[in-house]
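# Report on the structure
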Amino acid sequence: MMDGSIHPTPVDARTRILDAAESLVRAKGVAGLTLEAAARLAGVSKGGLLYHFASKEALLTGLIARMAEFMAEDFAAGVAAQPEGPGRVARAMLAWGFGQTPEAMNERCDRAAAVFLATFHHDPALLDPVRAVIAGMRRQVAEDGLPPGIGGVVMAAGDGLFVARIFGTYTPLPEELDAMHATLSRLIEEALP
């Protein structure tokens, strides 16, 4: 008998394994990521994990591919949400880097940082999917209809905040973030043809 309640869609084993691997690298770094630990945390057998990821490198490749896909989709959605015309990509970049709540931004940065650093530590070449996404973003910024450098400054500011978060070099106060956002927004608007 149907009770009318909504049951969540079960998460497939591959996703559970990737989620577990991400949790492990966030908590313990790449050294804490073992196939056994990922299988245990995901609730699958080691054989089940090996069916999806034959090695630690394959698991890291899966993590970085998922992160690159998320970045590309999230950024594309941000661009689509902006009005068409010059400055669209720069405004999307600004919203993407500054327009979220600090909690959401910190969560996103922490997830990405863990995956990026673990992958870089294991083999920097594995970051190529992320490099490709960022190269695509840079192309869009360059073709955005703004004078050269404007979109790049917005992108570099967001990247700087991300790096500061990763390494804990500084944490801007909310009023500092607001001031940076306002300044960059004004830079975009003043550069519009």
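Predicted model, so just to flag it, every value in this text is computed and none were measured.

## Points about the packing of aromatic side chains
This model, assessed by the stated rule, comprises 2 aromatic pairs. Ring geometry for Phe75 against Trp96: centres 5.4 Å apart, planes inclined by 65°, an arrangement best described as edge-to-face. In this pair, Phe75 sits in helix 4 (residues 56-80) while Trp96 sits in helix 5 (residues 88-98), placing the two residues 21 residues apart along the sequence. With relative accessibility at 3%, the residue Phe75 sits in the buried group. On the basis of relative accessible area, Trp96 is assigned to the buried category, the value being 16%. The interplanar angle of 70° and the centroid separation of 5.8 Å between the aromatic rings of Phe116 and Phe162 together place this pair among those described as edge-to-face. Taken as a pair, Phe116 in helix 6 (residues 102-122) and Phe162 in helix 8 (residues 150-167) lie far apart in primary sequence, 46 residues in all.

## Quick look at the side chain of Glu22
Note that Glu22 resides in helix 1 (residues 13-28). Accessibility expressed as a relative area gives 8% for Glu22, which makes it buried. Within the structure, the side chain of Glu22 is placed 2.8 Å from the side chain of Arg111, a separation counted as a polar contact. Once residues within four sequence positions are removed from consideration, Glu22 is found in contact with Leu63, Arg66, Met67, Arg111 and Val115.

## Notes on the confidence of the model for the chain
The pLDDT averaged across the chain works out to 89; a share of 91% of its residues lies at or above 70. Element-level mean pLDDT values for the chain span from 80 in helix 6 up to 96 in helix 7 (residues 128-142). Long-range and interchain partners of residues 1-5, a stretch whose pLDDT sits below 50, account for 0 contacts in this model, where long-range means more than four residues apart.

## Quick notes on a nonpolar patch on the surface
Judged by side-chain polarity, Leu117, Val163 and Phe167 come together as a nonpolar surface patch covering roughly 280 Å² of accessible area. Of the residues examined, Val163 reaches a relative accessible area of 42% and is grouped as partly exposed.

Thresholds, definitions, all that
- Residues numbered from 1 in each chain as written.
- Predicted model: local features only at pLDDT ≥ 70, side-chain atom pairs only at ≥ 80, totals over all residues.
- Heavy atoms only, no water.
- Phe/Tyr/Trp six-rings, centres within 6.5 Å; stacked < 30°, edge-to-face > 60°.
- Helix = DSSP H or I, 4+ residues; strand = E, 2+ residues; numbered from the N terminus.
- Buried < 20%, exposed > 50% of the residue type's maximum accessible area, 1.4 Å probe, protein only.
- Polar contact = N/O pair within 3.5 Å; in protein donor to acceptor, adjacent residues only side chain to side chain.
- Contact = heavy atoms within 4.5 Å.
- pLDDT = per-residue confidence, 0-100.
- Patch = residues over 30% accessible without salt bridge, like charges linked within 9 Å, V, L, I, M, F, W, Y side chains within 5 Å.
- Areas by Shrake-Rupley, 256 points an atom, 1.4 Å probe, with all protein chains shown as cover.
- Salt bridge = Lys/Arg side-chain N within 4 Å of Asp/Glu carboxyl O.

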